[in-house]
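Reading the structure
Letter by letter, the chains look like this.
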Amino acid sequence: MRSRLPLRHRAFQSLARLDTQHPWLVLFAALLLSIVSILYTKAHLEFRTGQDDLVSGSGSDARNYHRYTREFPDLDGLIVIVRADPNPARAESFAETLAAQLTPDHANVKSVFYRIDPELLSDRALLYLDRDDIDELSSRVRENRGLIERYARDPSLANLFGLMNEQTSHAMVSSMVTGLLGEPTGGKSAESLSSLGPALRFVNAVLEGMLRSAGERFQSPWAYLTSAGGGGGVLRDGYVATDNGKYLLMHIAPGDGVEGGADAVDVIQGDLDRVRAQFPDVEAGMTGGPALARAEARSTQRDIALASVLAIASNLLLIIIPFGGLVRPLFAIVALMVGVAWSFGFTTLAVGHLNLLSAVFTSILAGIGINFPIHLMARYEEARRAGHSMPDAIELSVVNTGTGVVASASIMALAFLTPMFTDFKGIAELGLVSAAGLFLCLISALLVFPALVAIRDRGRAAPKSPSGRDDGRPATMERLFARPGVILMASAALTLGALLLVRDMRFDQNLLKLQDEHSEAVRFEEKLLKDSGRSSWFAVAFAGNLAEAERKAASFRALPEVADAETIASYIPREQAEKRAVLAGLRPVIDPIAVRPIAVRPPAAADSPRLLRALKDFDFRIGGGRPDRPDEVKGTSLMVDQAVARLERDPDAFRDFERAMANDFARKVALFKRSLAPGEANERNLPALLRSRFVGTSGAYLVQIYPRGDIWDDAPLQRFVDALRTVDPDVTGPPIQTWSIASVMRRGYERAAILALVGVVMLVLLDFRNLRDTTLAIVPLVCGSLWLLEAMGWLGWEFNLANLFAVPILIGTSVDNGVNMVYRWREEHDKSQLILTRAVGKSVTICSLTTIAGFAALIPASHRGISSLGWMLSLGVTLILIATLIVLPALFSLIGRRLRDQAAPESAAPPRRLAGGRVLILLLA
């Protein structure tokens, strides 16, 4: 150690003389390098938001997922969720409007999958009904052939309501419409108004269409006598929905966007916002992988920017107040800003990007990088008060204090670099840029801060120390540490008590809980989980052919963790021959029906009185004016009254809607006729958009596996993954990839913490070459970290994938305090507890407070993971500071007394009874 001191002293002396003799040259070089770094960063630094950017792509899980994204590049896209309950008509209208807005935008939207249009299935639509439904359809069509013919001969609103008045039974009205749609309801004759059910929804849909403002898109009411939900997640008329029918689902594959333009997800969000403005009564929002990633990136960028501003402002106040001045604290901030600018330049040059984790390195630099100029400033002021000239004071601070600062910075950098030896790329990059940033901030502190001080204080006399200023402090410290053994025993009891709580510490891998709970993507993902029991997630497995895909799907469906498994065969109807035979029997019944063209009907003025009478008659039949009506009927009666009032004012009020409804009826009849002679349905004649979701670019077949319940939490997710791998070990998809990433991150954190702890202790030992001093330097680490675990147990906190990075930071911070304190303690010849009255006591306290302030600036973050990191770091550094200011000086006091006793003659040493804590300390002495 001694052989190295002269070389170290000479190096730091040369640095100090450069600062004092050529300060303008130092500042010019620093400013030039800062400008270059900022410009280079602005031009080349990227911000990557994908989870794939956090881990290495060499594992089997990553390879499987990359194969999935190559085969099906558009499958893991955005999901727009539209609430269909209680007004399915508005939900469908919303979906149609949004689809019409998105589909022409080929640059930002590759595809929109929200509906399987029966017309796209050509003549095969009815084959998708169950066999029992086909039989019931045949029976209902035969029973109600006369009703259908009567409306076809006169497809007017007056005739429609007249027929409804004749058919007071739910079953009769339901059969009339069901025969046209091919969707039997299975309902029975109604015994009361409250049992109208689907028929009442059909009437309401007709009335809503009549009352809708002119210019709004026509919404067909013909399907509203069928049930609200359908099997396989398909709503009326082929709309894709959740199994309970509460939400319509729109799957949107975002495009690459316009070069130099807005991000494709942002453009789609803008289109969604505009459509929501047109439908203020419809609840809709966007989620899915890209939306969640975008929300996380936005909240992270916003939170880091806010935290940086808060950290710098709070640090400035914490420096100005204790140092009683403004200029030198500003010099410290300038040195920090220069170091941060250099750090960004290095990050851009060495890595080229920031990810969701490495983005927090600015807060790390703001919290820790400011410590270096603070240590120098405290020592400089102490030297000036002692009467030293400016050059001597700068040399004393750079040489004596700089030695300890460089040692502690090296130790912290090592703690940050240890994650580079893990497979966790995200934390490895964060460790690299943080370690490099700390060194650059250190260099800036040793160059820029002394140079600024040298320019300001050149020619200034040293200030006189106020008389008696320090007289009371040694006595206070003597009284405070008069019984250090008691302090150590209490600290040991508190520290050992924390060991009992370690085994109860929990770890939560739920990535959804880390994000901003108020973001739209997170809110609608959670809504989808709570209201429908289904996540936007699904796992996938590959198969070489359809038969293999079906075998795997059957095995997956047998697992209790799986709600359903789909292949392309799920969209190929079964028992086609039997169904075609039944449908063929309906051709003689339906073929003669011809819908009269609406254009040859009489003028509206002649038809208006008939419609008016039919509406009033219908209102009477449903109990208009009776107070005992069911609530669902009251709304229908109110709309009838509004329709009557409008018709009385304008006989042509419903002419356009009547024509649109008649034309839609004619189209459905024509489609129904074609469907009575269907061809075979197979995977080759399925709609291309549907086929592309199950057959990859290379011809691989896909099995989509939907989990049962919420799998965002780590325990259900792991059970889901483990169960799927019993069928296919190469299963992949977003939930598998997320579980893999979370597992890699957790293992990376754990390994990084162990490596950091071992590396830091070894480096401190190599620096001090003394086991006693090494042990003293890590006392704040041991006490502070165990106290933190104890506090987390009391507060109910748990580790997650964001706040685990606090571990290497706390290791570095605690050893920084310990190393600087031990360096100054070794410099003091009396080895006393009065170390706190020296400059290092002030600088360590202020540095810890600025570090706490820097990390506390993360607490207001909307990103819950970043906020939890801020809470843990702030509390951890606080506890480390307490250990540094109480436990370590108590150890210094006991060891100092022991050394003084050993130095005194044996005869002069009074007999002394050692306290329990002091017996342990003898091992250190």
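Each value, and the rule that gives it
Residues numbered from 1 in each chain as written. Predicted model: local features only at pLDDT ≥ 70, side-chain atom pairs only at ≥ 80, totals over all residues. Heavy atoms only, no water. Helix = DSSP H or I, 4+ residues; strand = E, 2+ residues; numbered from the N terminus. Buried < 20%, exposed > 50% of the residue type's maximum accessible area, 1.4 Å probe, protein only. Contact = heavy atoms within 4.5 Å. Areas by Shrake-Rupley, 256 points an atom, 1.4 Å probe, with all protein chains shown as cover. Salt bridge = Lys/Arg side-chain N within 4 Å of Asp/Glu carboxyl O. Pairing = 2+ DSSP bridges. Axes fitted to C-alpha atoms, helices over the stretch in contact; angles between N-to-C directions.

The subject of this paragraph is the overall build of the chain. A tally of regular secondary structure across the chain gives 34 helices and eleven strands. Of all 925 residues assigned to the chain, the portion counted as buried reaches 56%. Put simply, of all contacts in the chain between residues at least 6 apart along the chain, 82% involve residues at least 24 apart. Total accessible area on the chain is roughly 38300 Å²; 58% of this is exposed by carbon and sulfur atoms.

The residue Glu575 is not glycine, and still its phi comes out positive at about 50 degrees. With respect to the secondary-structure elements, Glu575 resides in the loop between β9 (562–566) and α21 (576–584). Positive phi, close to 55 degrees, is recorded for Arg769, a residue that is not glycine. Looking at where Arg769 falls in the secondary structure, it is placed in the loop between α28 (734–768) and α29 (771–777).

Side chains that carry opposite charge are capable of pairing whenever their charged atoms lie near each other. Inspection of the entire model under this criterion finds 30 salt bridges. One salt bridge connects Lys552 with Asp728, and the closest N-O pair in it is separated by 2.9 Å. Within this pair, whereas Lys552 is found in helix α20 (residues 546–557), its partner Asp728 is found in the loop between α27 (714–725) and α28, the two being separated by 176 residues in sequence. Exposure remark for Lys552: the relative accessible area of 16% places this residue in the buried category. With a closest N to O distance of 3.3 Å, Arg826 and Asp773 form a salt bridge. Highlighted residues: Arg826 in helix α31 (residues 806–827) and Asp773 in helix α29, separated in sequence by 53 residues. Overlapping salt bridges bring together Arg328, Glu381, Arg456 and Asp457 as one network.

The next thing to look at is the sheet that holds strand β10 (residues 701–707). Strand order across the open sheet formed by three strands is β8-β10-β9, with antiparallel pairing between neighbours. With one partner strand each, in any of the chains shown, β8 (539–543) and β9 form the two edges of the open sheet. Averaged over all pairs of adjacent strands, the angle between strand axes in this sheet comes to 20 degrees, irrespective of strand direction. Relative to β10, β9 is paired through four bridges, and the arrangement is antiparallel. Each residue of the ladder has a partner; that of Ala565, found in β10, is Ile705. Contacts between helix α3 (residues 60–71) and the sheet are confined to β8 and β10, with β8 contributing the most and set at about 80 degrees to the helix. This element, α27, spans β8, β9 and β10 of the sheet and lies at about 145 degrees to β10.

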